[in-house]
Amino acid sequence: MAGSGQERARHWQYAELPGVDLLRARYVEKIFVRHTHENFVIAAVTEGVEVFHHGGADQYAGPGSLALVNPDTPHTGRAGVPEGWRYGAVYPSPDMVAEIAAETTTLRGTPGFTCPVLDDPYAAGLVNQVLRAAEEGNALAADTLLRVAVTRLLRLNGGPLPQRAVRTAGARLAARARGVLEERMAEPPTLERLAVDLGTSSFALLRAFRDAYGMPPHTWLTDARVRRARHLLDAGSAPAEVAVAVGFTDQPHLNRHFGRIVGVPPGAYQRERKNVQDAEGGLLVPSGAWHNRQLSQTYAVKKAENPTPPSSATPLESGSPSDCPVSPSG
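Presented here is an overview of the structure given in this document. All of these numbers come straight from a predicted model, not from anything done at the bench.

### Focus on the overall build of the chain
Point 1. Per the secondary structure count, the chain includes 12 helices and 12 strands.
Point 2. Counting only residues that meet the buried cut, the chain has 50% of its 330 residues in that class.
Point 3. Considering only contacts within the chain whose residues lie at least 6 apart along the sequence, 74% involve residues at least 24 apart.
Point 4. Carbon and sulfur atoms provide 52% of the accessible area of the chain, an area that totals close to 15900 Å².

### Looking at the nonpolar core
Point 1. Tyr27, Tyr87 and Phe258 are the most contacted members of the largest nonpolar core, which totals 44 residues.
Point 2. Tallying contributions element by element places helix H7 (residues 217–234) first for this core, with 6 residues.
Point 3. Formed by 33 residues, the second largest nonpolar core is a distinct cluster that contains Leu17, Leu66, Leu107 and Ala142.

### Observations regarding the side chain of Gln59
Point 1. With respect to the helices and strands, the residue Gln59 is situated in strand S6 (residues 57–61).
Point 2. Accessibility expressed as a relative area gives 10% for Gln59, which makes it buried.
Point 3. Looking at Gln59, its side chain comes within polar contact range of the main-chain oxygen of His54, at 3.4 Å.

### As for the packing of helix H4 (residues 169–183) against helix H6 (residues 202–213)
Point 1. As a packed pair, H4 and H6 sit with axes 8 Å apart at the nearest point and diverge in direction by 90°. For the element pair H4 / H6, the angle class is roughly perpendicular. Contacts between H4 and H6 involve Gly170, Leu173, Ala174, Ala175, Ala177, Arg178 and Leu181 from the former and Ala204, Leu205, Ala208, Phe209, Ala212 and Tyr213 from the latter.
Point 2. Residue composition of the contact of H4 with H6, grouped by class: 11 nonpolar, 1 polar and 1 charged.

### Concerning the sheet that holds strand S3 (residues 31–35)
Strand pairing in a sheet takes place through backbone hydrogen bonds and is either antiparallel or parallel in direction.
Point 1. The sheet built from 4 strands is open, its strands ordered S3-S8-S5-S6 with antiparallel pairing. Here the strands that pair on one side only, and so sit at the sheet edges, are S3 and S6. Strand-to-strand twist of the sheet, defined as the mean angle between neighbouring strand axes without regard to direction, takes the value 20°.
Point 2. Strand direction decides the pairing type here: strand S5 (residues 50–54) and strand S8 (residues 75–79), joined by 2 bridges, are antiparallel. Paired with Glu50 across the bridge in S8 is Ala79.

### A few points about the pattern of salt bridges
A side chain of one charge can pair with a side chain of the opposite charge if their charged atoms are brought near each other.
Point 1. A complete count under the given rule lists 13 salt bridges for this structure.
Point 2. A salt bridge links Asp72 to Arg227; its shortest N-O distance comes to 3.3 Å. Of the two residues, Asp72 is situated in the loop between strand S7 (65–69) and S8 and Arg227 in helix H7; the sequence distance between them amounts to 155 residues.
Point 3. Look at the salt bridges and you will find they share partners, linking Asp21, Arg230, Asp234 and Arg273 into a network.

### Section: the side chain of Arg10
Point 1. Turning to its location among the elements, Arg10 is positioned in strand S1 (residues 8–13).
Point 2. At a separation of 3.0 Å, a polar atom in the side chain of Arg10 contacts the side chain of Glu272.

### Section: H6
Point 1. An ideal rise of 1.5 Å per residue puts 16 Å on 12 residues; H6 measures up with 16 Å between its terminal C-alpha atoms.
Point 2. Those residues of H6 that fall on the buried side of the exposure criterion are Leu205, Leu206, Ala208 and Phe209.
Point 3. Where H6 is buried, its residues meet H4, helix H5 (191–197) and H7.
Point 4. Downstream of H6 by a residue or two, Gly214 has a phi angle that is positive, lying close to 75°.

### Details of the packing of aromatic side chains
Point 1. One pass over the structure, following the stated rule, counts 8 aromatic pairs.
Point 2. Taking the centre distance of 5.5 Å and the plane angle of 55° together, the rings of Tyr27 and Trp85 count as tilted. With Tyr27 in strand S2 (residues 21–27) and Trp85 in strand S9 (residues 85–91), this pair connects stretches of sequence that are 58 residues apart.
Point 3. Look at Tyr27 and you get buried, because its relative accessible area is 2%.
Point 4. Aromatic ring contacts, followed pair by pair, group Tyr27, Phe32, Trp85 and Tyr87 into a single cluster.
Point 5. We note Arg225 situated over the ring of Phe248; from NZ or CZ to the ring centre the distance is 5.6 Å.

Quick notes on the rules
Residues numbered from 1 in each chain as written. Predicted model: local features only at pLDDT ≥ 70, side-chain atom pairs only at ≥ 80, totals over all residues. Heavy atoms only, no water. Helix = DSSP H or I, 4+ residues; strand = E, 2+ residues; numbered from the N terminus. Buried < 20%, exposed > 50% of the residue type's maximum accessible area, 1.4 Å probe, protein only. Contact = heavy atoms within 4.5 Å. Areas by Shrake-Rupley, 256 points an atom, 1.4 Å probe, with all protein chains shown as cover. Core = buried A, V, L, I, M, F, W, Y, C linked by side-chain atoms within 4.5 Å. Polar contact = N/O pair within 3.5 Å; in protein donor to acceptor, adjacent residues only side chain to side chain. Axes fitted to C-alpha atoms, helices over the stretch in contact; angles between N-to-C directions. Parallel < 35°, antiparallel > 145°, perpendicular 65-115°, else oblique. Nonpolar A, V, L, I, M, F, W, Y, C, P; charged D, E, K, R; others polar. Pairing = 2+ DSSP bridges. Salt bridge = Lys/Arg side-chain N within 4 Å of Asp/Glu carboxyl O. Expected span 1.5 Å × (residues − 1). Phe/Tyr/Trp six-rings, centres within 6.5 Å; stacked < 30°, edge-to-face > 60°. Lys NZ or Arg CZ within 6 Å of the ring centre and 35° of its normal.

See the structure below:
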């Protein structure tokens, strides 16, 4: 567990769930800047409220609900109440979700979640059972429960992700700009220089990039740098070397942006990834943080008060954000 004061977080992987990131955290003052993930986000809130900006509006996830974010979808995150929020999250890959959807649902196309918040204590409990099984080294339970959870969520809140729109001139311009930034990540050009090189104006490029990727080029670049930093840290590179390689000034610069997107410092992130099967490390829980037994009891009580049996409903064939309950804007 990394953190200080009231905030604690552990971001790790379990060797028997390859490619799936796992997270337990309690945040109070943490603010996640606009960013994306390569994998799906399935985050079950157990205490407090998380607010995240998604799809043009603030979304609110409280106890027993799940925050669901599709890959490469810009979003933020912050506390919605003074005491912050506590949650557990799993991040399955697009390939894994597609495999589960093909085997257990009738969804066609690329599967994803249609609404960013789902109130379902049963599924939230499954997510925390996955985390507990991973911490205890129970590979059969962890894999089984993860697949059951994803199946349930796809049946309750699944639909095909929108097809890529026809490439307009603006979209092609944004894609060219993105390619330049990816190639020159450590030494990117100014917006004006980039626009001149691409034969357009600064504001035309800015508008096109926002429309295509949901954020301006400088925000996208920070997100891309952190994403590449994660891959380099996973490969064993030292944080100080990674910082320079992806274009940050130094390690403190990397630390600041990494924490705002991943939720833990790069050093703590790398230590957990290096010791995915360290059972002793997996059971270290700081004083005052939740315990697995307490989580289990909490969900047992919630289930008794408001039972939500496993769904056998027909999977949704389509869906859109307009089908979701309206969240208050912030």
